[in-house]
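As a plain string of letters, each chain reads:
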Amino acid sequence: MARIPKIAHYVFGMAPDFGGKPWSLVHYACVRSAIRWIQPQAIYLYYEFEPSGAWWELTRPLLTPVKMAGPTEIFGNPLLHFAHRADVVRLSKLTERGGIYLDADVLVHRSFDDLLDHATVLGLEGEGSSSRGVCNAVILAEPKARFLQLWLETYRRFRSRGHDDFWSEHSVRIPFRLAAQYPDEIKVLSHRAFFWPLWLEEHLRWVFASIDPIAMDETYANHLWETVAWDFLKDLTPGSIRRRDTNFHRWVAPYVAHLPDDFGAPEPRP
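Here's a quick rundown of the structure. Predicted model only: the values in this text are computed from it and were never measured.

## Considerations on the pattern of salt bridges
Turning to step 1, where the next piece is worked out: Going through the model one piece at a time under the given rule, you end up with 13 salt bridges.
Turning to step 2, where the next piece is worked out: Among the ionic pairs, Arg90 bridges to Asp103, the shortest N-O distance being 3.3 Å. Linking Arg90 in helix α3 (residues 82–97) with Asp103 in the loop between β6 (99–102) and β7 (106–108), this pair joins segments that are 13 residues apart in sequence. A single burial state applies to Arg90 and to Asp103, both of which are buried.
Turning to step 3, where the next piece is worked out: Where Glu125 meets Arg132, a salt bridge forms, and the shortest distance between an N and an O atom there is 3.6 Å.

## Re the packing of α3 against helix α4 (residues 146–153)
Turning to step 1, where the next piece is worked out: For the pair α3 and α4, the least separation of the axes is 10 Å and the interaxial angle reads 145°. As α3 packs across α4, the resulting crossing turns out to be left-handed. Taking contact as the criterion, the partners of Leu91, Ser92, Leu94 and Thr95 in α3 are, on α4, Leu148, Gln149, Trp151 and Leu152.
Turning to step 2, where the next piece is worked out: Its residues assigned to classes, the contact of α3 with α4 comprises five nonpolar, three polar and no charged.

## Comments concerning the pairing of strand β2 (residues 42–47)
Turning to step 1, where the next piece is worked out: Burial analysis of β2 places five of its six residues in the buried class, which makes it a mostly covered element.
Turning to step 2, where the next piece is worked out: The pairing of strand β1 (residues 7–11) with β2 spans five bridges and is parallel. By the bridge assignment, Ala8 is partnered in β2 with Ile43.
Turning to step 3, where the next piece is worked out: The parallel pair β1 and β2, bridged by helix α1 (residues 25–38), forms a crossover whose chirality is right-handed.
Turning to step 4, where the next piece is worked out: Both β2 and strand β3 (residues 64–67) contribute to a ladder of four bridges, which runs parallel. Counted as the bridge partner of Leu45 is Pro65 from β3.
Turning to step 5, where the next piece is worked out: Since β2 and β3 lie parallel, the crossover through helix α2 (residues 54–59) that links them has a hand, and here it is right-handed.

Parameters and conventions
- Residues numbered from 1 in each chain as written.
- Predicted model: local features only at pLDDT ≥ 70, side-chain atom pairs only at ≥ 80, totals over all residues.
- Heavy atoms only, no water.
- Salt bridge = Lys/Arg side-chain N within 4 Å of Asp/Glu carboxyl O.
- Helix = DSSP H or I, 4+ residues; strand = E, 2+ residues; numbered from the N terminus.
- Buried < 20%, exposed > 50% of the residue type's maximum accessible area, 1.4 Å probe, protein only.
- Axes fitted to C-alpha atoms, helices over the stretch in contact; angles between N-to-C directions.
- Left-handed = near helix turned anticlockwise from the far one by under 90°.
- Contact = heavy atoms within 4.5 Å.
- Nonpolar A, V, L, I, M, F, W, Y, C, P; charged D, E, K, R; others polar.
- Pairing = 2+ DSSP bridges.
- Right-handed = clockwise from strand over helix to strand, strands pointing away.

Pasting the structure below:
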């Protein structure tokens with residue numbers, strides 16, 4: 001038996017407006033990619049505000065939706081932004097059950113089986129001068145992983161109030177420092193494992209506006225950076241995926257090949 005169970009976890013809908021990024025084609029495709037390559041025994045999606053629309057109705061039967069009240073504080077420290085509430089939920093659920101956490105905009109490209117005998121696995125975010133630390137958009141962990149328990153304990157000093165200087169302190173910088181302190185508790189992979197290509201403008205063009213080859217030999221999955229790439233991801237339909245030829249469109253096309261061109265098209269505005 002592997003240390004890390006094949007249980008996939010997603011967190012979505014910790015704000016009523018979904019941060020302006022509702023459940024869409026890209027999220028459906030990402031879940032389908034996880035099913036194809038990870039072959040999870042179960043998939044849980046934790047939400048406070050349930051998504052809606054055609055893409056959610058298509059996704060819902062593929063997973064187990066779990067309604068919950070999003071945490072508003074941790075150790076007495078307020079969680080004012082929905083992203084920070086989601087950060088706490090993912091660590092709590094992974095500590096409880098173990099498994100594989102994926103942001104809903106993470107597209108999986110190959111099996112994770114060779115990673116499942118570690119206690120915890122994270123990937124570096126960025127390289128060289130663009131390096132930020134390790135990122136919590138993809139986390140693999142055994143149940144009650146010590147690294148996750150240590151990570152949650154650091155929230156006693158949580159101080160972010162939103163998009164401020166401490167925005168990514170507990171999601172990127174602190175786990176990077178913890179990994180250096182407790183190397184026996186974690187396997188840290190290169191940025192090419194989960195975060196390649198990067199969030200940089202030229203890399204976004206490489207993914208979404210080019211067919212220039214992207215070396216993926218070290219890549220298990222890639223974060224599509226919807227926070228900065230939403231203009232490329234919003235209002236997609238199977239037809240628009242088929243009509244364009246880019247790296248992204250080639251990756252996603254197999255997951256919507258069975259759907260009509262106009263499936264999930266935005267309602268015309270009055």
